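Observations on the three-dimensional arrangement
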Amino acid sequence: MRKELRQKIIEVCDQKVEKKGPDVGLSFYAFFKNKNDQPEVLMEAAKWWIETHQLDHFEKASKIKAMVQAGS
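Residues numbered from 1 in each chain as written. Predicted model: local features only at pLDDT ≥ 70, side-chain atom pairs only at ≥ 80, totals over all residues. Heavy atoms only, no water.

In the annotation of an unreviewed UniProt entry, the protein is listed under the name Msl2237 protein and assigned to Gynuella sunshinyii YC6258.

Okay, here's the thing in structure tokens:
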């Protein structure tokens, strides 16, 4: 996964946890605007989320952040 996407995921996870607490869930769509202005990056996140890790639609932000930081 590209460095910029990893940084964005960590940033969004931190923001969500800060606002809603450690049990907050999110989907990979949380890392993008409502516009589809980055289809390649969206597909990269979707592939990582769905194909590579077979995650549920919503997962805890803390879990996703830990996975990204570990290089999963």
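Next comes the rest of the account.
Here's the deal with the packing of aromatic side chains
All told, the structure shown has four aromatic pairs when counted by the stated rule. With centroids separated by 6.1 Å and ring planes inclined at 55 degrees, the aromatic side chains of phenylalanine 28 and tryptophan 49 adopt a geometry described as tilted. In this pair, phenylalanine 28 sits in the loop between β1 (25–26) and α2 (39–52) while tryptophan 49 sits in helix α2, placing the two residues 21 residues apart along the sequence. Phenylalanine 28 gets classed as buried once you look at its relative accessible area, which sits at 6%. Overall, the relative accessible area of 1% leaves tryptophan 49 in the buried class. One aromatic cluster is present, built from ring pairs that chain together Phe28, Tyr29, Phe31, Trp48 and Trp49. (Phe/Tyr/Trp six-rings, centres within 6.5 Å; stacked < 30°, edge-to-face > 60°. Helix = DSSP H or I, 4+ residues; strand = E, 2+ residues; numbered from the N terminus. Buried < 20%, exposed > 50% of the residue type's maximum accessible area, 1.4 Å probe, protein only.)

Here we look at the layout of surface pockets
It is a probe the size of a water molecule, rolled over the atoms, that shows where empty space is left. If you add up the space inside the largest pocket, you get close to 210 Å³. Forming the boundary of the largest pocket are Arg2, Glu4, Leu5, Lys8, Val12, Ala30, Phe31, Phe32, Lys33, Asp37, Gln38 and Val41. With four residues, the top contributor of residues to the lining of the largest pocket is helix α1 (residues 3–20). Looking at the lining of the largest pocket residue by residue, the class counts come to six nonpolar, one polar and five charged. (1 Å grid on protein atoms, 1.4 Å probe; cavity = no way out; pocket = protein on both sides within 12 Å on 5 of 7 lines; lining within 4 Å. Points joined across faces, edges and corners; volume = space filled by probe spheres on them. Nonpolar A, V, L, I, M, F, W, Y, C, P; charged D, E, K, R; others polar.)

With respect to the pattern of salt bridges
Two side chains carrying opposite charge are able to pair once their charged atoms lie near each other. Scanning all chains against the criterion turns up four salt bridges. Ionic pairing is found between aspartate 14 and lysine 65, a salt bridge with its closest N-O pair at 2.6 Å. Note that aspartate 14 is positioned in helix α1 and lysine 65 in helix α3 (residues 61–70), a separation of 51 residues in sequence. Lysine 63 is paired through a salt bridge with glutamate 59; the nearest N and O atoms lie 3.1 Å apart. (Salt bridge = Lys/Arg side-chain N within 4 Å of Asp/Glu carboxyl O.)

Considerations on unusual backbone geometry
One non-glycine residue, glutamine 54, lies in positive phi territory at about 50 degrees. Looking at the element boundaries, glutamine 54 is found in the loop between α2 and β2 (59–60).

Quick notes on the confidence of the model for the protein
Per-residue pLDDT for the protein has a mean of 93; in total, 100% of the residues score no lower than 70. Here α2 stands out as the element of the protein with the lowest mean pLDDT, 94, in contrast to β2, whose mean of 97 is the highest. (pLDDT = per-residue confidence, 0-100.)

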